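Below are the chains, spelled out letter by letter.
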Amino acid sequence: MRTLANACNCSTQPIYLSFANSEQLKYELAIKTVNFFNVFIENVIKSGKYLEYKSVGMGYILFAKEEPNLFKFILMNEGEKKQGLEEMTVETSVQIIMKNYGITHAQAYRLHIEMWLFVHGIATMCMNGYLGEDMQGISDMVTDVFNGLIVNIKGENK
């Protein structure tokens, strides 16, 4: 609380008057951050730059790149789940995949988890500054991996 008070140039009193303890503060921050993340992803989808499901992955990567501290806070906090973010994101993505690619829930779930592992790795590298600014190259890699997975999951590559 003192660190936050110092950053706000105030005493700890206003913070303790607003929040019962540090856990309540973290909870409120997590809710605000998750809402910000959701709007960020929705805006990438609405931009129409990518197909709907790809927009989710590219938005995830862009969020990590543009908001690295918020990405760490809600998506890399020692395995803690933040306000059901993972469950909500998974089911939303599974529904998008089922609608757009005509596969079963189980297939869509598998495809999403495998894509998420790939996209999360790229997002983490972007967050840490390991990958450069080549978003087109990243977009091409995401497409390549998705295309390979969808062919495999649909059983066309057996």
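Described in the following lines is the structure provided in the data block. As the structure is a computational prediction, the values presented were derived from the model and not from experiment.

Okay, the packing of aromatic side chains next. Tallying each qualifying case throughout the model produces seven aromatic pairs. Residues tyrosine 53 and phenylalanine 146 carry aromatic rings whose centres are separated by 5.9 Å and whose planes lie at 45° to one another, so their mutual orientation is tilted. Here the residue tyrosine 53 occupies a position in helix 4 (residues 52–66), and phenylalanine 146 occupies one in helix 8 (residues 135–154), the gap between them amounting to 93 residues. Accessibility expressed as a relative area gives 8% for tyrosine 53, which makes it buried. Ring geometry for tyrosine 60 against phenylalanine 71: centres 5.3 Å apart, planes inclined by 80°, an arrangement best described as edge-to-face.

To continue, consider the side chain of serine 55. Mapping serine 55 onto the fold places it in helix 4. Not counting chain neighbours up to four residues away, the residues in contact with serine 55 comprise Val44, Ile45 and Tyr50.

What follows concerns helix 7 (residues 105–127). Residues lying three or four places apart along an α-helix face the same way, a consequence of the helix completing one turn every 3.6 residues. Between its terminal C-alpha atoms helix 7 stretches 31 Å, which fits the 33 Å expected from 23 residues at 1.5 Å a residue. For helix 7, the complete set of buried residues consists of Ala108, Leu111, His112, Met115, Val119, His120, Ile122, Ala123, Thr124, Cys126 and Met127. Glycine 129 lies just past helix 7 and shows a positive phi near 75°.

With that settled, the discussion passes to the nonpolar core. Within the largest apolar cluster, 37 residues are counted, with the highest numbers of intra-cluster contacts made by Ile61, Phe71, Leu111, Met115, Ile138 and Val142. Only helix 3 (22–47), helix 4, helix 5 (68–75), helix 6 (85–101), helix 7 and helix 8 provide two or more residues apiece to this core. In this structure, methionine 115 is in contact with Tyr53, Val142, Val145, Phe146 and Leu149, ignoring residues within four places of it in sequence.

Procedures and definitions
- Residues numbered from 1 in each chain as written.
- Predicted model: local features only at pLDDT ≥ 70, side-chain atom pairs only at ≥ 80, totals over all residues.
- Heavy atoms only, no water.
- Phe/Tyr/Trp six-rings, centres within 6.5 Å; stacked < 30°, edge-to-face > 60°.
- Helix = DSSP H or I, 4+ residues; strand = E, 2+ residues; numbered from the N terminus.
- Buried < 20%, exposed > 50% of the residue type's maximum accessible area, 1.4 Å probe, protein only.
- Contact = heavy atoms within 4.5 Å.
- Expected span 1.5 Å × (residues − 1).
- Core = buried A, V, L, I, M, F, W, Y, C linked by side-chain atoms within 4.5 Å.

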